Structures are given as structure tokens and as C-alpha cells.
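Now for the letters of each chain:
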Amino acid sequence: MMAPHSTLALRRFLCSGNGAASALDAAAVRKKNLVFLGSPQVSASVLHKLLAASEDPDSIFQLAAIVTQPPAARDRGRKLMPSAVAQLALERGFPRELIFTPERAAEVAFLSNLSALNPELCITAAYGNILPQKFLDIPSCGTVNIHPSLLPQYRGAAPVQRALQDGVTETGVSLAYTVRALDAGPVIAYEKVKVDECIKATELLAILFNSGAELLLHELPSILNGSAKLKARPQDDSKATFAPKLTSEESWLSFDEEAKRIHNKVRAFAGWPGTRARVEVVNNVGYHNELEIKIITSGVCSNACNKASDGNEILFSGSALLIPCAGESWLEVLELQLPGKKVMTARDFWNGLRGQKLRKINWKGVTQ
């Protein structure tokens, strides 16, 4: 947990500046106080742009504080590590006492510290904590969220992943005021983005949050002078769709679905939780050995793939494993990972079989 800031440190922060300047002059040039809330790497990319913009001599705002998730155990050593946002803030020399890491955003001490900063605006980008009304009442210009979907579509925790799982060809990023209802506030601005059929969730998230940061910087003047509230459009709740968080139980693949649907799931679940499948290795004397694989990169066979298979046998062609799926479709597996091993190409995996056959198993563990 980052050390809480002291009253003295807070007083220094609020009163810093040229002591010779008159109170009137100070008020005239005072930059607006922004508080940024975010946690993962995509949030850090937004913070990077905000920090750079705030350092411009003509900037109309300054970052008064940063709020992020508490340090968490990561990697095999389970060592407590700061979030990506906290790490970037510390690397950039942001005051440690102004990096807040509450377990919950409703904590009384945290809300008191935040209120003492007199923030005009709070910006959220994948923060990962529910904001209570007492929080939303603090910033005079409101709280604005960077949401990686075209609201009201895909409200919720996993908009990019669920959009890719649905196979969308277009998505986008929205700037919206935060209200108590989930991702339901008026939309200030949005930007559409075309979706490539092979892009993964991790890649698309980075693109959307980068676009969202640029959109935010463009809209900040209107947000801070209040005119954004006049132009912001209420969402049509009747058109809302929802994007629930992913679960590890969903990561299993079933080859009784069409290859396109499976491919969309592989790229949607890239990163965490990933997508897993079971296959069966059969040696030349008929011995069967079940093997779990994690599919990293996939595709859909586009040239008919009229291969000699009994409907269960997994083949290899070019640089991909070819897995027969529903509707006479074939899933290409280009990269995969075995438990406890590094990611490998399909060719390296196939060569390691040394002539053994490979057959598909459905997600319930029953040979098809």
C-alpha cells in the first residue's frame, strides 16, 4: 500500500507556485485539478499521455492525484507488485503520497483525502473499482470514463473481449460521464474503429485506449468549461448490450462448434484466461495419451481444406495444425502452449510428435 499523504504535503501541493504572485493572478492562471483512476497497462498508456500533456506550459490542467488498485501478488514468486499505473507514476517521479491505492473507493479516509484536493474532474480508464455516489459528488465537473466500446453497446467489464467473441467488424471507444448505473452516463464523444478478423483482445484494447486518450485530450477544454455537459447525448437504454467479465471456466473450447466461432473466442480470450483444449496423442501401437493445450494464435482454413481425415484426426499443413470442426470447417492453430512450457509454433509441436497421430477431444474430455 502506498503511504497516505500528510496534511502538510497536501498543503504544499495546493499552495505551490510563485509566492510573489498576487492571489488574483494565481487564480487567473490556476490549472484545473484532475485525478486519474486506472490500473492495468492500457490505463498506464492513458496516464502517459495525460502526464505529457500536463507538463506543457500552456496546459489547462494538472494531475492532482492518481488512484489505482493496491499492489497484488504476481508471477510465480507471488511478490507484491504495484499496478502498471502506479509503476509508471513512480517512474515519472509523481509524488508517492499522492498515489492512492484504496481497497474500495468508498473508504472514508480515501474520500476525505480526495475531497481535500478539490478536484475539478476525475478521469477513469479501466480502474477496476465501483465508484460510490459519495465519490461522484466530489469533482465539480464530474467523472468521465474512457470505455472501449460504442456505448450503449457492450456495457460492462469485458467490452472488447465480448465484441471479438461476437465477431464484430467495427467497434470503438466512448467518452461518457459516470453515473451510478453501469456505463450508462451521457456520451460526450466517440470514435469508431474497424476490427481486423485476426486481431486479438490485447492488441485491440491497446488501440482503443490510445484512441480514447487522444479523444479525451481533445475534449478536455469543453469538459472543464462545462459545455460538454450540454452536448453530451443520453444513451438509449433499449439498445444496451452487456459484456460480463470473463471466467476461467469459459476458456475451454469445443470443436463441435464452427471454426469461425472458435477462432473468435481464441482472439477474444487472448491474454487472460486464454483458450484451452484437449487433444489425444496416439502412438504407433495404439496407446492413447490425453494432452491439454492452450491455443495462442488461430485462423480459419480459407481454401476448402479438403483433407483426408476421418472427422476426428488433427492434421498438419503449411505451418498450422488443422482441426476439423462443425459444418465441415477447419480451425488453423498457428501457435500453442503446453502446461508449464513456453509458447511454440505448430510446426515445432508437430515435429515433436515424431510421427504419432493427433485426435481431437471435446471440452468434456470425451473423444469425438
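Look up a bit, the structure's there.
Residues numbered from 1 in each chain as written. Predicted model: local features only at pLDDT ≥ 70, side-chain atom pairs only at ≥ 80, totals over all residues. Heavy atoms only, no water.

A. The overall build of the chain, seen in detail. Scanning the chain from terminus to terminus reveals eleven helices and 16 strands. For the chain, buried positions account for 48% of its 368 residues. Across the chain, every contact between residues at least 6 apart in sequence was considered, and the portion connecting residues at least 24 apart equals 67%. On the chain, roughly 18600 Å² of surface is accessible, and the fraction owed to carbon and sulfur atoms is 52%. (Helix = DSSP H or I, 4+ residues; strand = E, 2+ residues; numbered from the N terminus. Buried < 20%, exposed > 50% of the residue type's maximum accessible area, 1.4 Å probe, protein only. Contact = heavy atoms within 4.5 Å. Areas by Shrake-Rupley, 256 points an atom, 1.4 Å probe, with all protein chains shown as cover.)

B. Local environment of the packing of aromatic side chains. Enumeration according to the criterion identifies three aromatic pairs in this entry. For the ring pair F100 and F110, a centre distance of 6.1 Å and an interplane angle of 75 degrees mean the geometry is edge-to-face. One end of the pair, F100, is in strand β5 (residues 99-100); the other, F110, is in helix α5 (residues 108-116), with ten residues separating them in the sequence. For F110, a relative accessible area of 5% corresponds to the buried category. Ring centres of F316 and W350 lie 5.6 Å apart, and the angle between their planes is 15 degrees; this geometry places the pair in the stacked category. Of this pair, F316 sits in strand β12 (residues 313-317) while W350 sits in helix α11 (residues 346-353), placing them 34 residues apart in sequence. Looking at W350, the relative accessible area reads 25%, which means it is partly exposed. Members of the aromatic cluster, joined through ring pairs, are F100, F110 and F135. The ring of Y177 is capped by K229, whose NZ or CZ atom sits 5.9 Å from the centre of that ring. The ring of F269 carries the charged tip of K265 above its face, separated from the ring centre by 5.4 Å. (Phe/Tyr/Trp six-rings, centres within 6.5 Å; stacked < 30°, edge-to-face > 60°. Lys NZ or Arg CZ within 6 Å of the ring centre and 35° of its normal.)

C. Here's a closer look at helix α4 (residues 84-91). Within the sequence span of α4, burial applies to V85, A86, L88 and A89. Looking straight down α4, one finds its buried side chains confined to an arc of 165 degrees; they lie on one side. Residues of α4 that are buried sit in contact with β1 (32-38), α3 (41-54), β2 (61-67) and β5. Directly after α4, the chain includes G93, whose backbone phi takes a positive value near 80 degrees. (Arc of directions from axis to C-beta.)

D. Representation of the side chain of K360. Inspection of the secondary structure puts K360 in strand β16 (residues 357-361). Of the residues examined, K360 reaches a relative accessible area of 6% and is grouped as buried. Among the polar contacts made by the side chain of K360, one reaches the main-chain carbonyl oxygen of P324 at a distance of 2.7 Å. (Polar contact = N/O pair within 3.5 Å; in protein donor to acceptor, adjacent residues only side chain to side chain.)

E. Structural view of the pairing of β16. Judged by how many residues are buried, β16 sits mostly within the fold: four of five residues are covered. One ladder, built from two bridges, connects β12 with β16; its direction is antiparallel. Looking across to β16, one finds that E313 is bridged to R359. (Pairing = 2+ DSSP bridges.)

F. Geometry of the pattern of salt bridges. The full count for this structure, using the stated rule, is ten salt bridges. Note that K231 and E219 form a salt bridge whose closest N and O atoms lie 2.6 Å from each other. Of this pair, K231 sits in helix α9 (residues 227-231) while E219 sits in helix α8 (residues 201-225); the two residues are twelve residues apart in sequence, bridging distant segments of the chain. The exposure class assigned to K231 is partly exposed, which follows from its relative accessible area of 40%. A relative accessible area of 7% places E219 in the buried class. (Salt bridge = Lys/Arg side-chain N within 4 Å of Asp/Glu carboxyl O.)

G. Quick look at the sheet that holds β1. Taken in spatial order, the seven strands make up an open sheet running β5-β2-β1-β6-β7-β8-β9, and their pairing is mixed. The sheet is open, and its two edges are formed by β5 and β9 (187-194), each paired on a single side. In this sheet, β9 lies alongside strand β8 (residues 170-177) in antiparallel orientation, the contact comprising seven bridges. Bridged to S174 within β9 is Y190. Relative to β2, α3 is tilted by about 150 degrees, and along the sheet it contacts β1, β2, β6 (121-125) and β7 (143-147). (Axes fitted to C-alpha atoms, helices over the stretch in contact; angles between N-to-C directions.)

H. Local environment of the side chain of E219. Within the structure, E219 has its side chain in polar contact with the side chain of K231 (distance 2.6 Å). Apart from the residues within four sequence positions on either side, E219 is in contact with L175, I188, A189 and K231.

I. Local environment of the nonpolar core. In terms of nonpolar packing, the biggest core is built from 71 residues, with F36, L47, L121, F135 and I188 touching the most fellow members. Here this core gets eleven residues from one element, more than from any other, and that element is α8. Here L47 is in contact with F36, L63, I66, V85, L88 and A89, once residues within four sequence places are set aside. Core analysis: the next-biggest nonpolar cluster, separate from the first, contains 23 residues, A277, I293, L331 and L353 among them. (Core = buried A, V, L, I, M, F, W, Y, C linked by side-chain atoms within 4.5 Å.)

J. Region of interest: α8. Compared with the 36 Å implied by 1.5 Å per residue over 25 residues, the 35 Å span of α8 between its first and last C-alpha is a close match. Within α8, the axis deviates most sharply at E219, by approximately 50 degrees, and proline P221 lies no more than four positions further along. Residue G226 follows α8 closely and has a positive phi angle near 90 degrees. (Expected span 1.5 Å × (residues − 1). Bend = angle between axes of the 7 residues up to and from the residue.)

Limitation: the analysis is restricted to geometry and does not speak to function.
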